[in-house]
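Here is how the chains run, residue by residue.
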Amino acid sequence: MSLSSLDPRINRLALPDAPPPPPDKPELDQFETYEVFHQKKEGTAYAYVGPVHAPSLDVAFLFAKEQYSRRFACTGMWVTPTRCVQVSDYVNDTESIYDTLPTETGETPTPVSESKEEELAYAAGEEDYDIFHLKKRGKAHVHVGKVRASSPREALTVAKSVFGEQRPVVNVWVVRSADILRSDEDDRDIWSTTPDKKYRDAIAYKVMDKIERFKQEQQPNAPQA
């Protein structure tokens, strides 16, 4: 529609009511988001610590090590793309999300054992999935174990049979095990850092002995009244 005006010059111009919309801008380059889990002490469960942005999974692991292993005690780290994390619904802190899921029919499954042969594990086209529980809103998701399933949805149903007695469970994360980059058990020395950063405190610098010795050396040269 053109502008209408009593001025014939305006009508001859055939001006539109509004300028045309600007052309679509190309998508900006954006690093992918990755989720990081770490282990505080050997033998404890891996817990979620936060995200990092990186161009690849390997670089994300390096960023995660620099960001999180220096802030907390750490003996191991897992990193996975955010897009690979399947998230269940949320329930109240006193409830369990498993109560809202259908029960799997048939034989009750058991948690995956890493000692079993992989040929048997994947004989039916199934894969391993890591399960993370959120016990309370505001806390961190914690790894509770693995299950074997053919899809994330099925893995959640299997997890109910395996871990459903744990309560409360406010939310569940399901991650395909193959999508997680894990630190190597043989590389424990890479976590040997100084997370408390004592070098920032003046007490970390042992200079009092030098100061006292300097004072003693200056005493004979002090001017006499």
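K.L.:
Describe the packing of aromatic side chains, listing the residues and the values that go with them.
P.N.:
For the structure on display, the rule yields six aromatic pairs. Ring geometry for Phe37 against Phe132: centres 4.3 Å apart, planes inclined by 20°, an arrangement best described as stacked. Here the residue Phe37 occupies a position in strand E1 (residues 32–39), and Phe132 occupies one in strand E5 (residues 127–134), the gap between them amounting to 95 residues. Accessibility classification places Phe37 together with Phe132 in one group, the buried group. Taking 6.2 Å as the distance between ring centres and 85° as the angle between the ring planes, the aromatic pair formed by Phe37 and Trp173 counts as edge-to-face. You can see Phe37 sitting in strand E1 and its partner Trp173 sitting in strand E7 (residues 171–176), a full 136 residues away along the chain. We note that Phe37, like Trp173, is buried. Site record: aromatic cluster; members linked through ring pairs are Phe37, Tyr46, Tyr48, Trp78, Phe132 and Trp173. Over the aromatic face of Trp78 sits the side chain of Arg182, whose NZ or CZ is 4.5 Å from the ring centroid.

What counts, and where the lines are drawn
- Residues numbered from 1 in each chain as written.
- Predicted model: local features only at pLDDT ≥ 70, side-chain atom pairs only at ≥ 80, totals over all residues.
- Heavy atoms only, no water.
- Phe/Tyr/Trp six-rings, centres within 6.5 Å; stacked < 30°, edge-to-face > 60°.
- Helix = DSSP H or I, 4+ residues; strand = E, 2+ residues; numbered from the N terminus.
- Buried < 20%, exposed > 50% of the residue type's maximum accessible area, 1.4 Å probe, protein only.
- Lys NZ or Arg CZ within 6 Å of the ring centre and 35° of its normal.

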